[in-house]
Amino acid sequence: MNTMSLCCVSCGANYPATLRYACDACGGILEVDRGAETGEAWAAGLVSPAVTLGEGWTPLLQARPGSLASGGGMLWFKDETRNPSGSFKDRLVSAALTTALAFGSKGLVCASSGNAGASAAAYAARAGIPAVILVPERTPTEKMAQIAAYGALLVKVEGHYSNSYAMALAVAQETGFVNVTTTFINPYGTDALRLVGHELHAQLGDSAPDWVVVPTGSGPLVKGVVQGFADKGGRLPKILAVQAEGCAPIVRAFEDNAAAVSAWGEPKTIASGISDPLIGYERDGTYTLDLVRRTGGKAVAVTDDQIRSAMRALAAGNGIFAEPTGASSLAAALKLIESGEIAAGERVVCMVTGHGFKDFGIYRQMPVHEIRVEAGAPASVITQALAGMGHSGGND
Ligand SMILES: [Zn+2]
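Residues numbered from 1 in each chain as written. Predicted model: local features only at pLDDT ≥ 70, side-chain atom pairs only at ≥ 80, totals over all residues. Heavy atoms only, no water.

Enquirer: What am I meant to see in the pattern of salt bridges here?
Expert: A side chain with one charge may pair with a side chain of the opposite charge, provided their charged atoms come close. Within the structure shown, the criterion is met by 16 salt bridges. In this structure, glutamate 266 engages arginine 138 in a salt bridge whose closest nitrogen and oxygen atoms are separated by 3.4 Å. Of the two residues, glutamate 266 is situated in the loop between α9 (249-255) and α10 (282-294) and arginine 138 in the loop between β7 (131-136) and α4 (141-149); the sequence distance between them amounts to 128 residues. For glutamate 266, a relative accessible area of 48% corresponds to the partly exposed category. Each of Arg34, Asp191, Arg194 and Asp231 takes part in a single network of salt bridges with overlapping partners. (Salt bridge = Lys/Arg side-chain N within 4 Å of Asp/Glu carboxyl O. Helix = DSSP H or I, 4+ residues; strand = E, 2+ residues; numbered from the N terminus. Buried < 20%, exposed > 50% of the residue type's maximum accessible area, 1.4 Å probe, protein only.)

In structure tokens:
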């Protein structure tokens, strides 16, 4: 850790590696600069965190042929639901907390739409330190139950995510606890996401896909994927940043060809994980937009209905149970395959960022195959039901 420093992505100012959340000179995003420590030595340093629950090295699963209305043959799912608390946030929190404990932190604070908060609460429990988790009051109940189960102080904040974000800044100041909010605020957390790029590179036989589709709030995962592939040299994948139509500040700036991202109003979408209006940290969105453009990629918005049908295609078609945000990547990939913007034969990786257990409400509204039978009912009622689903029964 000795060769490490923090560097401002806007003005280039350099700081010693301590707990620091923004550039003193310009307010810019800080990134970890590891100096000469790159490649395998760097990765080895990162994959042995002190506070771990076994995060990372998630499976890369190819879409089942015929399971998708269009495309499919060259489409993969990076199944981040398999992380310990059920989302990719475990990667950031493990690294951010490991670093913070080395700097002497006695507790953590996290503003979250749910997943980062659940992750922070889990890792705080693992480390034996207190956690203060601030979430928008309309966060899915399963996510709030998970946070509370890990023993954290759950704070429901009125209104959208940016209100929770602002309060976390104040609470970190007041308590001296580390702020592990998973925007670009904690450079050590973002830095750990490079491993996503490294894993994909290895899982695809030391190569880059044509596209990586990333559900995007403020965008640290975009940065991690780009940086991870940059570490490996060679071609960068195009990033397809996905937002929900009801909360799409980065997509709006992309489509308007704007230089900067401006904040969104009130978010309106079932995809809670990317329901981030960026109020007060618009520069995070601008930084992410620049990264997307640098890869020759795109930013695209999907509707809640497109997300619902992607959730069904993932669960019933591929055995992957994702929350709405986790399925938004597949929704976007299908949209661009249909429009021809993703060309036939291009290799596409969809990041499936969060588990379906985190938001049962949306699944409860979906049609399912379900029957109720009397005790002792003949088994033929089952073959009839199967026939109704288009499956033949019997020993033929
Ligand atoms: Zn700066």
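Here the narrative resumes, following the displayed structure.
Enquirer: Even after reading the chapter, I still don't get the coordination of the zinc ion, so can you show me in this structure?
Expert: Ideal coordination angles are 109.5 degrees for a metal with four donors arranged tetrahedrally and 90 or 180 degrees for a metal with six donors arranged octahedrally. The protein atoms donating to the zinc ion are Cys8 (SG), Cys11 (SG), Cys23 (SG) and Cys26 (SG), with metal-donor distances spanning 2.3 Å. If you look at the zinc ion, its four donor atoms make angles of 100 to 118 degrees with each other, and the shape they trace is tetrahedral. Within one chain, the residues donating to the zinc ion are spaced in sequence as C-x2-C-x11-C-x2-C. Of this pair, cysteine 8 sits in strand β1 (residues 5-8) while cysteine 26 sits in the loop between β2 (14-16) and β3 (30-33), and the two are 18 residues apart along the sequence. (Donors = N, O, S within 2.8 Å, 3.2 Å for Na, K, Ca; no water. Tetrahedral: all angles 85-135°; square planar, octahedral: opposite > 155°, others 65-115°.)

Enquirer: Would you mind showing me how to read the sheet that holds strand β9 (residues 178-179) here?
Expert: The pairing of strands in a sheet comes from backbone hydrogen bonds and takes either a parallel or an antiparallel form. Across the sheet, four strands lie side by side as β8-β7-β6-β9; this open sheet has parallel pairing. Since the sheet does not close on itself, it has two edges, and those belong to β8 (153-157) and β9, each with one partner. The sheet contact formed by strand β6 (residues 108-111) and β7 spans four bridges and is parallel. Counterpart to alanine 111 in the pairing with β7 is leucine 134. (Pairing = 2+ DSSP bridges.)

Enquirer: Please explain the sheet that holds β3 as it appears in this structure.
Expert: The sheet built from three strands is open, its strands ordered β2-β1-β3 with antiparallel pairing. Unpaired on one side and paired on the other, β2 and β3 mark the two borders of the sheet. Averaged over all adjacent pairs, the angle separating strand axes in this sheet is 35 degrees, with direction ignored. In this sheet, β3 lies alongside β1 in antiparallel orientation, the contact comprising four bridges. Opposite cysteine 7, over in β3, you have glutamate 31 as the bridge partner. (Axes fitted to C-alpha atoms, helices over the stretch in contact; angles between N-to-C directions.)

Enquirer: How do you make sense of the nonpolar core when you look at a structure like this?
Expert: The nonpolar side chains of a soluble globular protein tend to be buried with one another. Among the nonpolar cores identified, the biggest contains 50 residues, and Leu200, Val212, Leu221 and Ile239 are the most heavily contacted of them. When residues no more than four places from it in sequence are discounted, the contact partners of leucine 200 are Leu60, Lys78, Ser207, Val212, Phe229, Val349 and Met351. Counting 35 residues, the second-largest nonpolar core is a separate cluster that includes Trp211, Ala310, Ala327 and Ala331. (Core = buried A, V, L, I, M, F, W, Y, C linked by side-chain atoms within 4.5 Å. Contact = heavy atoms within 4.5 Å.)

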